Amino acid sequence: MARDFEVLLGRSALLQALAEELERLEQEPATVHQLIATALLPENTVITTRFDHLLELALQQLRKPFIPVVQDEDVPGIDATKVTLIKLLGDITRPQTLVITEDDIDAFIDRLPTVSDVVKAFFATKTLILLGYDLNGEPFKRFFRRVSRNLSVFRRTAYAVVPAPLDEVERRYWEGQNVQLLVQAPMAFLEALIAATRQWTQAPPQAMNPLQALAGDPASAPLPPAPYKGLDSYTAADAAIFAGRDQEAERLTHRILAHRLTVVYGESGSGKTSLLQAGVRPRLARRRALMALAEVIPGAPLEALLQQALQEALQEVGLNTPSTELVPQIRQLQARLDGPVVLALDQFEQLFLAEDAETREAAARFLQQLRADPALDLRLVLAIREDFLGRLETLRDHLPNLLDVRFRLERLGREAARATIEEPAQLFHVAWEPALVQRLLDELSDGDATGVAPPQLQIVCQRLYQAATETPVRPGQMATITSAHLERLGGVQGILGEYLTEAVAQFDPDQQPHVRLLLAALVHSSGVKQRLSLAELARTVDRPQPEVTALLDRLTQQRLVQRFQVGSPAGPGDGPSLAYQLAHDYLAGRILRWLGDEFWETQRAREILRQALPAWQSRARLPGPDDLRLIAEHRQALRPLPAEAAMLYAAAVVYGQPTEAWASLLRPEVQRDVLLRLVRHPEPRARQHALTALATLGPREAADLLVERALADDDGVVRSAAAQAIATLVQVYPEVGAAAVEGLAAAGPRPEARAAAMDALATVVDRAPAAGKGLPAGLRQAVRRRVWQRRWGRGRAGVLAATLRGLQGGFWGFALGLGPFLGLYGIPDLDQLDLRTVLSTAILGSVLAGVLVGIPTAGVTAGLAALERLLLDPPTHRRERWSRWLAINGAGGLAFALGFELVLFMVNFLSAPLATLVINLAGGFLLVAVLRLPDLLDVRLPRLVHLGLAALVGGLVLAGSGVAGAPGDAFAAYRAAPGTFLWLLLAGAISSAGLHWAIAPAAGRQLAADGREDTS
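Everything numeric in this text was worked out from a predicted model, so none of it was measured. (Residues numbered from 1 in each chain as written. Predicted model: local features only at pLDDT ≥ 70, side-chain atom pairs only at ≥ 80, totals over all residues. Heavy atoms only, no water.)

From N to C terminus, the protein chain includes 46 helices and 16 strands. Within the protein chain, the proportion of its 1016 residues that are buried is 49%. Within the protein chain, contacts between residues separated by at least 24 positions form 71% of all contacts whose residues are at least 6 apart in sequence. A total accessible area of about 47,300 Å² is found for the protein chain, and carbon and sulfur atoms account for 56% of it. (Helix = DSSP H or I, 4+ residues; strand = E, 2+ residues; numbered from the N terminus. Buried < 20%, exposed > 50% of the residue type's maximum accessible area, 1.4 Å probe, protein only. Contact = heavy atoms within 4.5 Å. Areas by Shrake-Rupley, 256 points an atom, 1.4 Å probe, with all protein chains shown as cover.)

Structure follows, in structure tokens:
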């Protein structure tokens, strides 16, 4: 009805009508109000849906103090010594707070998050008595579901007082909501409640809060040694001096109790750890909720950290549980406390700084299992630096709704900072000069009015307190911290600037560089503190552990460094395993400016190495190629341990990077073990490169392993790499290689392995022909045919290219060289012909010579390419190289000699004089020998040198062939003509240049490369 009224007449008319109706009704508290007020104790909380002030009037008449809570800004005023009156649907005197329509009810929780947190916390931890609510009405059901839907099944049973029984459906519904129905008149119930309350207050039950040691009144708690903590975090023992954060502590306590998971975030140094330990933990204890705070440590499983923290929390309050496992311990503890268990993880950003994605995701899944377990009355808290908050998004798939409930801790406001300065000192009978307090607030506040950073405030207050209390005061007088103390210490900036410098200056001059390195090592390259073991710190500064321990002990005494014992001694004679970290992130910012970029690059490499080793040892995961290059650049400063060197050697093998630097740090058997591990790596690339590297070491067990991979690996590239590695073994370690070839041959007859075995044998024989000699005759021929098929498949494009190149080289070389000579040969009265006739005759001769020589040249190059690619195996020693060279040159020389005869005489070459034929044969052999000379010597001559040598030999061969004719033959006239020798010499040089282009070493090597099997 309220919604319809608002739609028709507007919100203002609705509020006016409501106010008029309330004013018309009774203005004095009714009996029910008076009974409720009488039944209430100071620590009680009342949640009412009334808009009027009748209950407030009843409390005033009984002179019971109360705190009304209507909006979020009212929550900080909650006082445990007064009745808390939460006006859930608003107050008629504050119209903007009224919740009247169904839409208002739905928006209530989102509009007032702090009030809703208080209500949810109340629902989660207190016994509820529902009085006067319409349990049949949908609005109350909707509100009850929204408030309690995310709470544990261990929520305490609520009791609803109803004047008459509900129907069966409604009764079962409320039983499902853990609400027990009490059929009784409200007045009678209240009178009975008042009587029970009076009896309880006169003789309180003996049941004590088991967390009383943490839940005590801070005002009566023992004082710590000093009022200020410097850069140390506050603990529960410091609750008496923890000032300025009461509102945040109360709000966060309610939020934690109201939700299963809360993310607490703020800038570095905002005081998240202190708030949780000294502010929230005692308040939770007063509500019978035990908080265990664990700090995330790189490499340590979250479950182990939380279990240890919970065990320490139990010892602190003198409790124990039969089980020592985390989840059973939580179940046992929540039953004993009759309240929730709160597990908090501090410095959650360390999970992103020092762990890989797989570890982070596993941690998120573990936390989700805890959160989703309905049998656990559990709250989770994650404390993280604000600049890492966005990275939590990467865990949303594994920890849903991770960022739905957050609490941002701001810097200290001006009045909160004033309380932080003055209140702790008063407990130690020390006063502050008001003008000095004002000055500190002005100088420590940022210009953008974001507040006061707690670390700087604590450093300044601690130093001023020390200065003011150095001189004893007379009995009965209070020491006063004045502006004179501040001036004497150099002002605020002087205290902050000299804090680290003075601490380091207290060491001997020769120790100070090591101290700076130690402090810098405790700073992550991203600018936050990190925890390192004593052994790691000693390696960083390259000093003996006893010397480093002594330096760290002094830094610990100066409150710059915190010391932790991790694990337990390995034996009776062993000392504790120690780790250290900076006392506060505030120090990291100043230390970052001490050292140059080179150190921080090394620090980054050191962090990558530290993070990568556990992943390699547990999951065979390697650092990335860029990370490996960074580590290699700084390997001298890093001084890798053997386990790290083994990992880096493995990474270098997999990524094809140089391995010498890492192999030099490992014994051969360690290298072998690394490669054997990589051979079974899940990534094909790792197996492929490991097999290739394993062959160079030649271990005996490599033979069987290579055969196994060549036959059965799932990846074809890996099988090929295994076969190529066997070929390498045949060439480098013949005995081991022969064993591997025998293994492949033995697998050949098996049907399931025959295809893989034949492929592997063909690869081996193709690369190492000697491997085929020991095969049975039938198998050897089958493998040989497969090798020829492979070579033809790889080399046919090269043979075609060689043929075309030979055709082009022969054609243009002889067309431009010998062609004009041939075209003009035999023409009488050449000097009387016109130029056009001479040119056309010369061109015709050039084309004829190019065609007649280009074809055999193409045949020669095609034949040479085919021999190299299909039939001839690479020579293994010098005698084979010479034999091969002589065979190729003989065939090529004969072909070129016949071509010369055909071109020079254009007649049957048998009619040529014997001397000419001999010269042509010798000349052809010599020319081919010169063209193939680099292959024999296995060198690469400069291209111009080789070209000149070929042209010289070709010119001499052609000129010699022309001069050596018999008297009276057809060439006699030409031999007698002046300049013929030079002409022939030039023609031969040009023709040989064409042949050089056709069979140049560069082309030959390129073509030969086409015939080699790909090993990538």
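Across a sheet, strands are paired by hydrogen bonds formed along the backbone, either parallel or antiparallel in direction. Taken together, five strands build an open sheet; the order of strands is β8-β9-β10-β7-β11 and the sheet is parallel. Both outer strands of the open sheet, β8 (290-295) and β11 (406-408), are each paired with one neighbouring strand and no more. On average, adjacent strands in this sheet sit at an angle of 20° to one another, irrespective of strand direction. Pairing of strand β7 (residues 261-266) with β11, which is carried by three bridges, proceeds in the parallel orientation. Residue pairing for β11: Val 263 is matched across the bridge by Arg 406. Sheet strands in contact with helix α12 (residues 272-286) are β7, β8, β9 (341-346), β10 (378-385) and β11, and its direction is about 165° off that of β8. (Pairing = 2+ DSSP bridges. Axes fitted to C-alpha atoms, helices over the stretch in contact; angles between N-to-C directions.)

Attention now moves to the sheet that holds strand β6 (residues 179-183). Strands sit in the order β4-β5-β6 across an open sheet of three strands; the sheet is parallel. The open sheet terminates on both sides in strands that have one partner only, identified here as β4 (129-131) and β6. The mean inter-strand angle of the sheet, taken between neighbouring strand axes irrespective of direction, is 25°. In terms of strand pairing, β4 meets strand β5 (residues 158-162) through three bridges, oriented parallel. Bridge pairing links Ile 129 to Tyr 159 in β5.

Ranked by internal contacts, the top residues of the largest apolar core, which has 84 residues, are Trp 432, Leu 440, Leu 519, Leu 537, Leu 582 and Leu 587. Not counting residues within four places of it along the chain, the set of residues in contact with Leu 440 comprises Ile 421, Trp 432, Ser 445, Val 460, Leu 464, Leu 486 and Val 492. (Core = buried A, V, L, I, M, F, W, Y, C linked by side-chain atoms within 4.5 Å.)

Applying the stated rule across the entire model yields five cavities of 30 Å³ or more. If you list the elements that add at least two residues to the lining of the largest cavity, you get α12 and α19 (454-469). Per-element tally for the lining of the largest cavity: the top contributor is α12, with four residues. Residue classes in the lining of the largest cavity are distributed as ten nonpolar, twelve polar and nine charged. (1 Å grid on protein atoms, 1.4 Å probe; cavity = no way out; pocket = protein on both sides within 12 Å on 5 of 7 lines; lining within 4 Å. Points joined across faces, edges and corners; volume = space filled by probe spheres on them. Nonpolar A, V, L, I, M, F, W, Y, C, P; charged D, E, K, R; others polar.)

Taken together, Asp 597, Glu 598, Glu 601 and Glu 633 make up a surface patch of like negative charges. Here the negative patch gets three residues from one element, more than from any other, and that element is helix α26 (residues 597-619). Tracing the chain through its elements places Glu 598 in helix α26. (Patch = residues over 30% accessible without salt bridge, like charges linked within 9 Å, V, L, I, M, F, W, Y side chains within 5 Å. Salt bridge = Lys/Arg side-chain N within 4 Å of Asp/Glu carboxyl O. Lys, Arg positive; Asp, Glu negative; His and termini not counted. Charge placed at Lys NZ, Arg CZ, Asp CG, Glu CD.)

For an α-helix, the turn length of 3.6 residues means that residues three or four places apart are oriented alike. Across its twelve residues, helix α31 (residues 668-679) extends 16 Å between first and last C-alpha, which sits within 8% of the 16 Å expected from 1.5 Å per residue. Along α31, the residues classified as buried are Gln 671, Val 674, Leu 675, Leu 678 and Val 679. Buried residues of α31, seen end-on, are gathered within an arc of 140° and therefore sit on one face of the element. Contact partners of the buried residues in α31: α26, α29 (642-655), α30 (660-663), α32 (684-697) and α33 (701-712). (Expected span 1.5 Å × (residues − 1). Arc of directions from axis to C-beta.)

Attention now moves to the packing of α29 against α32. Where α29 contacts α32, the two axes come as close as 8 Å, and the packing angle between them is 100°. One element, α29, and the other, α32, form an angle in the roughly perpendicular class. In this structure, α29 contributes Val 653, Val 654 and Tyr 655 to the contact, and α32 contributes Arg 685, Ala 686, His 689, Ala 690 and Ala 693. The class makeup of the residues in the contact of α29 with α32 is six nonpolar, one polar and one charged. (Parallel < 35°, antiparallel > 145°, perpendicular 65-115°, else oblique.)

A few words on the packing of aromatic side chains. One pass over the structure, following the stated rule, counts ten aromatic pairs. Ring geometry for Tyr 133 against Phe 140: centres 4.7 Å apart, planes inclined by 20°, an arrangement best described as stacked. Between Phe 140 and Trp 174, the aromatic rings sit 5.9 Å apart at their centres with planes inclined by 35°, giving tilted as the arrangement. Of the two residues, Phe 140 sits in helix α7 (residues 138-148) while Trp 174 sits in helix α8 (residues 168-176), which places them 34 residues apart along the sequence. (Phe/Tyr/Trp six-rings, centres within 6.5 Å; stacked < 30°, edge-to-face > 60°.)

Turning to the environment of Ser 533, a few remarks are in order. Here Ser 533 lies in strand β14 (residues 532-533). Judged by its relative accessible area of 32%, Ser 533 is partly exposed. Separated by 31 residues in the primary sequence, Ser 533 and Phe 564 have C-alpha atoms spaced 9.1 Å apart. In contact with Ser 533, not counting residues within four places along its chain, are Leu 578 and Ala 579. There is a polar contact of 3.1 Å between the side chain of Ser 533 and the backbone nitrogen of Glu 536. (Polar contact = N/O pair within 3.5 Å; in protein donor to acceptor, adjacent residues only side chain to side chain.)

Counted residue by residue, β7 has six buried out of six residues, so it is predominantly covered. The side-chain alternation of β7 yields two buried faces, one formed by Leu 261, Val 263 and Tyr 265 and the other by Thr 262, Val 264 and Gly 266.

Here we come to the pattern of salt bridges. One pass over the full model with this rule turns up 47 salt bridges. Linking Arg 790 and Asp 759 is a salt bridge whose minimum nitrogen-to-oxygen distance equals 3.7 Å. Of the two residues, Arg 790 is situated in helix α37 (residues 777-816) and Asp 759 in helix α36 (residues 751-767); the sequence distance between them amounts to 31 residues. The class of Asp 759 is partly exposed, set by a relative accessible area of 35%. Here Arg 794 and Asp 766 are joined by a salt bridge, their closest N and O atoms 2.7 Å apart. A residue pair is termed long-range when its members are at least 10 positions apart, and Arg 794 in helix α37 and Asp 766 in helix α36 qualify at 28 residues. When its relative accessible area of 22% is taken as the criterion, Arg 794 is described as partly exposed. Classification of Asp 766 by relative accessible area gives buried; the value is 7%.

Here we come to the packing of α26 against helix α27 (residues 625-633). Direction vectors running N to C along α26 and α27 enclose 125°, while the axes themselves pass 9 Å from each other. The pairing of α26 with α27 is recorded here as oblique in orientation. α26 and α27 meet at a crossing whose hand is left-handed. Residues Glu 601, Arg 604, Ala 605, Ile 608 and Leu 609 of α26 pack against Asp 627, Leu 630 and Ile 631 of α27. Residues that form the contact of α26 with α27 fall into these classes: five nonpolar, no polar and three charged. (Left-handed = near helix turned anticlockwise from the far one by under 90°.)

Right, let's talk about unusual backbone geometry for a bit. Residues other than glycine seldom take positive phi values, yet Arg 288 does so here, at roughly 65°. The phi dihedral of Ala 620 falls on the positive side, at around 60°, and the residue is not glycine. When its relative accessible area of 13% is taken as the criterion, Ala 620 is described as buried.

A cluster of nonpolar side chains, contributed by Trp 812, Leu 816, Leu 986 and Ile 990, occupies part of the molecular surface with about 420 Å² of accessible area. Summarising the element assignment, Ile 990 is placed in helix α45 (residues 980-998).

Assignment of secondary structure puts Thr 127 in the loop between α6 (113-125) and β4. For the pair formed by Thr 127 and Thr 157, sequence separation is 30 residues and the distance between their alpha carbons is 6.4 Å. Each residue touching Thr 127, except ones within four places of it in the same chain, is listed here: Arg 156, Thr 157 and Tyr 159.

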